[in-house]
Amino acid sequence: MSRGDATCPVCGRGERPAFRQIDNFMYYECNACDFIFIAGGVMARIDAGEQIRSYEKAYWESELGTARERAWGPALARVAEAILYCRVPIKRFIDIGTGPGYILDSLSWVLPSSSALFHGVELFPPALQYRTRHPNYKVGSLASFSQPFQCGSCIEVVEHLTPKMLSGMAADLARVSAEGACYIINTGLTDYVRNEDIDYVDPLRRGHISIWSASALRIIFEPHGFAVYPIPGKSWAVLVEYKYKPRAQERNITDRIWTPCQENRQILEDPQTGTLMYILGIDTARAYTG
């Protein structure tokens, strides 16, 4: 084991023996910031442009079904939850790494009065015939937006990114975030991997090279102006919030659902479809807290 492979690429401090070998790739775990990562030499090659998992035709052929199921199920719950947590009125919502953009379709169905509020961006999209036709679907990166967002989601994305890539994404996100903007990041965290699904670490089939903890995510996001909050009961999600100083009663993330910004509650209580999404947000925020 070389020092370069064992030294944590996030904090540079922790060293531990190998975590696991998967498909001939070694993974290590940091005992300082609790980050699980593919061998450092592989990280460096990925940052230089090499792909160990190509996000092209074969990848999307295997992922489209999962993307559709997620968009019409748990992704809706994450969006509702994020909207309730947000402490500023939401004018624009972004789904980061939206894939085919099916979440824009499901949101248009359940929140038709607010369809224009939702946007999605994808750097490596599937073929045109598999993408949403929603007008706010954009191929590219966050850097291509000029108007600010107040809220968003990032679902099953950051586990594909090296620390350098995620830092770049955080910098771009800061540039397009209004003060007080918050984003829910849905990814299998280190506790989830260790205690619930070790096979989430998957370099070749799903392209999962980085398993984050709240501590590791703080090191990446805080220099760009974000606070990172664990979400009680969820070993697969955190909230990041941009340049907002919460009052004492707002620091417990799940308590925010009882005093939502009224403009944001109105988004979830659609005049055409009723209170379904508001109820979903309340219940999903409470469901895992024991």
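Notes on the structure in this doc start here.

What counts and what doesn't
- Residues numbered from 1 in each chain as written.
- Predicted model: local features only at pLDDT ≥ 70, side-chain atom pairs only at ≥ 80, totals over all residues.
- Heavy atoms only, no water.
- Helix = DSSP H or I, 4+ residues; strand = E, 2+ residues; numbered from the N terminus.
- Rg over C-alpha atoms; globule rule 2.2 N^0.38 Å.
- Buried < 20%, exposed > 50% of the residue type's maximum accessible area, 1.4 Å probe, protein only.
- Lys, Arg positive; Asp, Glu negative; His and termini not counted.
- Charge placed at Lys NZ, Arg CZ, Asp CG, Glu CD.
- Axes fitted to C-alpha atoms, helices over the stretch in contact; angles between N-to-C directions.
- Parallel < 35°, antiparallel > 145°, perpendicular 65-115°, else oblique.
- Contact = heavy atoms within 4.5 Å.
- Nonpolar A, V, L, I, M, F, W, Y, C, P; charged D, E, K, R; others polar.
- Phe/Tyr/Trp six-rings, centres within 6.5 Å; stacked < 30°, edge-to-face > 60°.
- Lys NZ or Arg CZ within 6 Å of the ring centre and 35° of its normal.
- Pairing = 2+ DSSP bridges.
- Polar contact = N/O pair within 3.5 Å; in protein donor to acceptor, adjacent residues only side chain to side chain.
- Expected span 1.5 Å × (residues − 1).
- Salt bridge = Lys/Arg side-chain N within 4 Å of Asp/Glu carboxyl O.

### Quick notes on the overall build of the protein chain
Scanning the protein chain from N- to C-terminus turns up 10 helices and 11 strands. The C-alpha atoms of the protein chain give 18 Å as radius of gyration, which agrees with the globular expectation for 290 residues (19 Å, within 12%). If one aligns the C-alpha atoms of the protein chain with their principal axes, the spans along those axes are about 60 × 50 × 35 Å. Split into buried and exposed, the 290 residues of the protein chain put 57% on the buried side. Separation of charge centres in the protein chain, based on 30 positive and 32 negative side chains, amounts to 4 Å.

### Some remarks on the packing of helix α3 (residues 57–71) against helix α4 (residues 74–85)
Here α3 crosses α4 at 45 degrees, and the two axes come no closer than 4 Å. The angle between the axes of α3 and α4 places the two elements in the oblique class. When α3 is examined against α4, the residues E69, R70 and A71 are found in contact with a partner set consisting of P74, A75 and L76. Of the residues belonging to the contact of α3 with α4, the class tally is 4 nonpolar, no polar and 2 charged.

### Some remarks on the packing of aromatic side chains
Enumeration over the complete set of coordinates arrives at 10 aromatic pairs. Both rings, one in F145 and one in F149, keep their centres 5.2 Å apart while their planes meet at 80 degrees; by these two values the pair is edge-to-face. Where F226 meets Y242, the ring centres are 5.0 Å apart and the plane angle is 50 degrees; that geometry is what we call tilted. Within this pair, whereas F226 is found in strand β10 (residues 226–230), its partner Y242 is found in strand β11 (residues 237–242), the two being separated by 16 residues in sequence. For F226, a relative accessible area of 3% gives the class buried. Site record: aromatic cluster; members linked through ring pairs are Y28, F35, F37 and W212. The ring of Y102 carries R68 above its face, with NZ or CZ at 4.1 Å from the centroid.

### A few points about the sheet that holds strand β1 (residues 18–22)
Taken together, 4 strands build an open sheet; the order of strands is β1-β2-β3-β9 and the sheet is antiparallel. Single-partner strands in this sheet number two, and they are β1 and β9 (210–211). For strand β2 (residues 25–29) and strand β3 (residues 36–38), the ladder comprises 3 bridges, and the chain directions are antiparallel. Residue pairing in the sheet places Y27 in a bridge with I38 of β3. Packed onto the sheet, helix α2 (residues 40–47) meets β2, β3 and β9 and runs at close to 65 degrees relative to β3.

### Considerations on the environment of A39
Along the chain, the position of A39 falls in the loop between β3 and α2. Sequence spacing of A39 and E29 is 10 residues, and the spatial spacing of their C-alpha atoms is 10.0 Å.

### Some details on the side chain of H119
Turning to its location among the elements, H119 is positioned in strand β5 (residues 118–122). In this structure the side chain of H119 is engaged in a polar contact, spanning 3.4 Å, whose partner is the side chain of R92. In contact with H119, other than residues within four places in its own chain, are R92, F93, I94, D95, L104, N136 and F149.

### Digging into α4
Between the first and last C-alpha of α4 there are 17 Å, a value that for 12 residues agrees with the 16 Å anticipated at 1.5 Å per step. With respect to burial, α4 is a largely interior element, 11 of its 12 residues being buried. Among the residues of α4, A75, L76, A77, R78, V79, A80, E81, A82, I83, L84 and Y85 are the ones counted as buried.

### Some points on the side chain of T132
Relative to the helices and strands, T132 resides in the loop between β5 and β6 (137–139). What makes T132 buried here is its relative accessible area of 7%. For T132, the residues in contact, after removing those within four places along its chain, are P100, G101, L104, D105 and Y137.

### Some thoughts on the pattern of salt bridges
Throughout the structure, instances matching the rule amount to 11 salt bridges. A salt bridge links D202 to R205; the shortest N-O distance between them is 3.5 Å. The exposed category is assigned to R205, whose relative accessible area is 54%. Where R206 meets D202, a salt bridge forms, and the shortest distance between an N and an O atom there is 3.4 Å. The exposure class assigned to R206 is buried, which follows from its relative accessible area of 18%.

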